[in-house]
Amino acid sequence: MNAEVSEPLILVDRVGAITRVTLNRPRAINALNTEMFDGIDAALESATGSNAIVLDGAGERGFCGGGDIKQIAFGGDPRALFGAEYAVDYRVSASPIPVVAIMDGIAMGGGIGLGGHAAFRVVTERSRLAMPEARIGIMPDVGGHFLLARAPGRLGEYLAITASEMGPADAIALGFADTLILSERIEQLRDALAAGADPETALADFAEPVPEAPLLAVRDWFDPIADEALGSVDAVADPVGAIVALLAALESSADERALATAETVRGMCPLSLAVTVAQLARTRAAQLDVAGVLEDDYRVVPRLAVHANFAEGVRAQLVDKDRNPQWIPARVEDLDPREVAEILAPHPAGEQGLGLPTAG
């Protein structure tokens, strides 16, 4: 019998002072589907009276590898699925009962949406975080631009356009996590929280010193290049011009690291890259909060999800696994500014947003 079918996809356990919510799809690195969003929502609702909600993932591979993108790409209703996901992400961020997210192992895409906006965000020595959406033809969503926009310097752009991974020290330095705890001590942490320990105090008691973050060194060479390129173009008004300028600056650099980065970026979806630099710039300029970014995601990402690029990205990365997507168009220089503008346009008449309580 298939254990994934026979067992609930969300496990909820009231243990002492906490409600423990566990993503229970370990064979798929706890990839999120619509049933799981409903389960998480119900679990958060049931936590009334708890001192904390502990959110974690089953299995040894990771907290959450992201959303079940095959469900979206091949038959799912993008607006319904993303709407359910973003509503849960917001609920985690706004929960009156503090959520302690334990992002042990892999936490990517949708996993960042759940863990990255929690009140207390834990990583372990095994954690690997990323927003790899440009690799599959969409953009960093689940409120990811809120975090990327607040990363030091231009590291938000760097992570978004390269789909680079963060280790635990990187995740803390870039604002995606707060506390490093050894994986072997996570059970002890849960026990302490269940016994009624104050979450902030317990996390401080179990925290490890955070080593130097390797990604911070990227700023030394990337920030000057990106500042000059993006400082000359309004990425909100001219996203195509912005990504073209950034790639040209990387490719004209004498720094081998910049040239290697440009080669990586050339493999990403051009449409995703343009949309991403626009949304990062908008998030900063408008000082959007989590709700505001999720509202933007809900407007933009379903449009990308019905584009041929998304199905092609999923095919290349997850179905055929040839890692050779044929993007339309193949180069950022060939993007149609009008198409990008349509992706970024406001909701048309009759199309509703999520209705989240955004700042301002």
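Residues numbered from 1 in each chain as written. Predicted model: local features only at pLDDT ≥ 70, side-chain atom pairs only at ≥ 80, totals over all residues. Heavy atoms only, no water.

What follows concerns the packing of helix α7 (residues 155–162) against helix α13 (residues 256–266). Packing of α7 against α13 leaves a shortest axis separation of 8 Å and a crossing angle of 50°. As far as their axial angle goes, α13 and α7 are oblique. In contact with Y158, I161 and T162 of α7, α13 contributes T261, T264 and V265. (Axes fitted to C-alpha atoms, helices over the stretch in contact; angles between N-to-C directions. Helix = DSSP H or I, 4+ residues; strand = E, 2+ residues; numbered from the N terminus. Parallel < 35°, antiparallel > 145°, perpendicular 65-115°, else oblique. Contact = heavy atoms within 4.5 Å.)

Let us look at the domain arrangement of the protein chain. Along its sequence, the protein chain is organised into domain 1 (10–214) and domain 2 (216–344). If you average the C-alpha positions of domain 1 and of domain 2, the two centres end up 24 Å apart. On the side of domain 2, 50 residues touch domain 1, which itself brings 45 residues to the contact. Contact between domain 1 and domain 2 buries roughly 4,200 Å² in total, counting both sides, with carbon and sulfur atoms accounting for 74%. Sorting the residues of domain 1 by area buried against domain 2 places M139, R154 and I161 first, and these three jointly supply 18% of that buried surface. Across the pair E157 and R284 runs a salt bridge whose closest N-O atoms are separated by 2.7 Å. Joining domain 1 to domain 2, the criterion identifies 14 residue pairs in polar contact (both at pLDDT 80 or more). Only α3 (69–73), α4 (78–94), α6 (144–148) and α7 provide two or more residues apiece to the side of domain 1 that touches domain 2. In terms of residue count, α4 provides more of the side of domain 1 that touches domain 2 than any other element does, eight residues in total. Among the residues forming the side of domain 1 that touches domain 2, the class breakdown is 27 nonpolar, ten polar and eight charged. (Domains from an automatic or database assignment. Buried area = accessible area lost by both parts, 1.4 Å probe. Salt bridge = Lys/Arg side-chain N within 4 Å of Asp/Glu carboxyl O. Polar contact = N/O pair within 3.5 Å; in protein donor to acceptor, adjacent residues only side chain to side chain. Nonpolar A, V, L, I, M, F, W, Y, C, P; charged D, E, K, R; others polar.)

Under the UniProt annotation, the feature "domain: Enoyl-CoA hydratase/isomerase" (unreviewed entry) is placed at residues 19–343. The distance from the first to the last C-alpha atom of residues 19–343 is 40 Å, and the span holds 51% helix and 10% strand. (UniProt positions renumbered as here; feature names shortened; annotations may be inferred.)

The subject of this paragraph is the packing of helix α12 (residues 239–251) against helix α14 (residues 270–286). It is at 8 Å that the axes of α12 and α14 come closest, and there the two elements cross at 105°. Taken as axis vectors, α12 and α14 run roughly perpendicular relative to one another. Residue-level inspection shows P239, V240, A242 and I243 of α12 in contact with α14, the latter providing L273, A274, V277 and A278. By residue class, the composition of the contact of α12 with α14 is eight nonpolar, no polar and no charged.

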